[in-house]
Amino acid sequence: MSIDFQRTPNPNPATAQQREEILAAPGFGQHFTDHMVTIEWTGDVESGEGSWGTPHLQPYGPLQLDPAAAVLHYGQEIFEGLKAYRHDDGSVWTFRPESNASRLRRSAQRLVMPELPEELFLASLRELVSADQDWVPSGDGQSLYLRPFMIATESYLGVRPARRYLFCVIASPAGSYFGTVDTVDIWLSQDYARAGVGGTGSAKCGGNYAASLIAQMEGEAHGCAQVLFTDPNRDHAVEELGGMNVFFVFDDDRLVTPELTGTILEGVTRSSIIELAEARGMTVEQRRFTLDEWREGVRSGHLTEVFACGTAAVISPVGRLISSQEAIGPDDARPGEVTMALREQLLGIQTGAVEDTRGWTSRLA
């Protein structure tokens, strides 16, 4: 399927020197490329009638929204996150974009928004990266972070699904998310929940992240890089971090991760790790995993490694789980062998250093 974009080049793109200075230390989500993609949708989601307009490649810049735009009042907003990597031959590739396209559609279903066709999602990525490929870093661990998102733009204060939406893709050069591959401590949230049964936990929408911020700030005040949420109604079953899934490595070659109950986001990195671990001969269990089991695993020595994963950080080793009453895990925890082996393999596939035998990577430029 051929998709034609209306193209308006940025009349004032960053100079080569400006871009070089940014790419030398990009940070995460602080700088943006010269262009963005926008596509409007108009129709009635409830009746299933509507259509996507002409896709545009245009200069990166502010969006113009009416103060009554539905996204500002009722939170109809979804997004995705994926990375583009420069391979040794100079080409640019991304990782499992079809999975992101599929998850965006599932999120749209949950928030009663129009579903973007996969071919339009993929074409938008190719269009933006092709235009701004000079922004893709070539340094170790660096990438171009891609942020597709959709918002409700209809000016209407009635409580119903909006009838006009805007899909956008923006891009930001990115370094390491945590700035290190050393272990990070995480905070146990005991007063706040990220999502609830029947809520939007399995959708990638801004409200879930907004709900996690107060707990994240609490964790940062105690020197922790992330926050962990549990379900008190299921014996404090571990759910996920504020923006990452979590895994537990046992000494009998088992890898355990919380089951998907509708309150946990089904991460693309999560599913990739499960497949890679099984290929290594590990037994992967997706099930309820409680704080008591975490404590007992550390006490007995059978739980040997903990790590978190997500698009931004890829795989991050976890040291201790800290709360106001206790700290679970050794003070001197170091990145584990299984954790680092999975990280090296996954990042190697993404960057082209390891052969992609599963067809996970797609060329963008």
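Structural data are supplied above this passage.
Note that this is a predicted model, so its numbers are computed, not measured.

**Focus: the pattern of salt bridges**
Note that side chains of opposite charge can pair when their charged atoms are close.
Part 1 of the argument: Taken as a whole and judged by the stated rule, the model has 19 salt bridges.
Part 2 of the argument: Across the pair arginine 7 and glutamate 127 runs a salt bridge whose closest N-O atoms are separated by 2.5 Å. Taken together, the residues arginine 7 in strand E1 (residues 6–7) and glutamate 127 in helix H4 (residues 118–131) connect sequence positions 120 residues apart.
Part 3 of the argument: Residue classification places arginine 7 among the exposed positions, given a relative accessible area of 53%.
Part 4 of the argument: Exposure remark for glutamate 127: the relative accessible area of 11% places this residue in the buried category.

**So, the packing of helix H6 (residues 268–279) against helix H8 (residues 337–351)**
Part 1 of the argument: At a minimum axis distance of 11 Å, the contact between H6 and H8 shows a crossing angle of 115°. Here H8 runs roughly perpendicular to H6, going by the angle between their axes. Handedness of the H6/H8 crossing: right-handed. Here Thr269, Ser272, Ile273, Leu276 and Ala277 of H6 lie close against H8, whose contacting residues are Leu342, Gln345, Leu346 and Ile349.

**What about the side chain of threonine 94?**
Part 1 of the argument: Within the secondary structure, threonine 94 is located in strand E7 (residues 92–95).
Part 2 of the argument: Its relative accessible area of 1% is what places threonine 94 among the buried residues.
Part 3 of the argument: At 2.6 Å, the side chain of threonine 94 forms a polar contact with the backbone oxygen of lysine 83.
Part 4 of the argument: Not counting the four nearest positions on each side in its chain, threonine 94 is found in contact with Leu82, Lys83, Ala84, Trp360, Thr361, Ser362 and Leu364.

Basis of the calculations
- Residues numbered from 1 in each chain as written.
- Predicted model: local features only at pLDDT ≥ 70, side-chain atom pairs only at ≥ 80, totals over all residues.
- Heavy atoms only, no water.
- Salt bridge = Lys/Arg side-chain N within 4 Å of Asp/Glu carboxyl O.
- Helix = DSSP H or I, 4+ residues; strand = E, 2+ residues; numbered from the N terminus.
- Buried < 20%, exposed > 50% of the residue type's maximum accessible area, 1.4 Å probe, protein only.
- Axes fitted to C-alpha atoms, helices over the stretch in contact; angles between N-to-C directions.
- Parallel < 35°, antiparallel > 145°, perpendicular 65-115°, else oblique.
- Left-handed = near helix turned anticlockwise from the far one by under 90°.
- Contact = heavy atoms within 4.5 Å.
- Polar contact = N/O pair within 3.5 Å; in protein donor to acceptor, adjacent residues only side chain to side chain.

The values reported here are purely geometric and, on their own, carry no functional implication.
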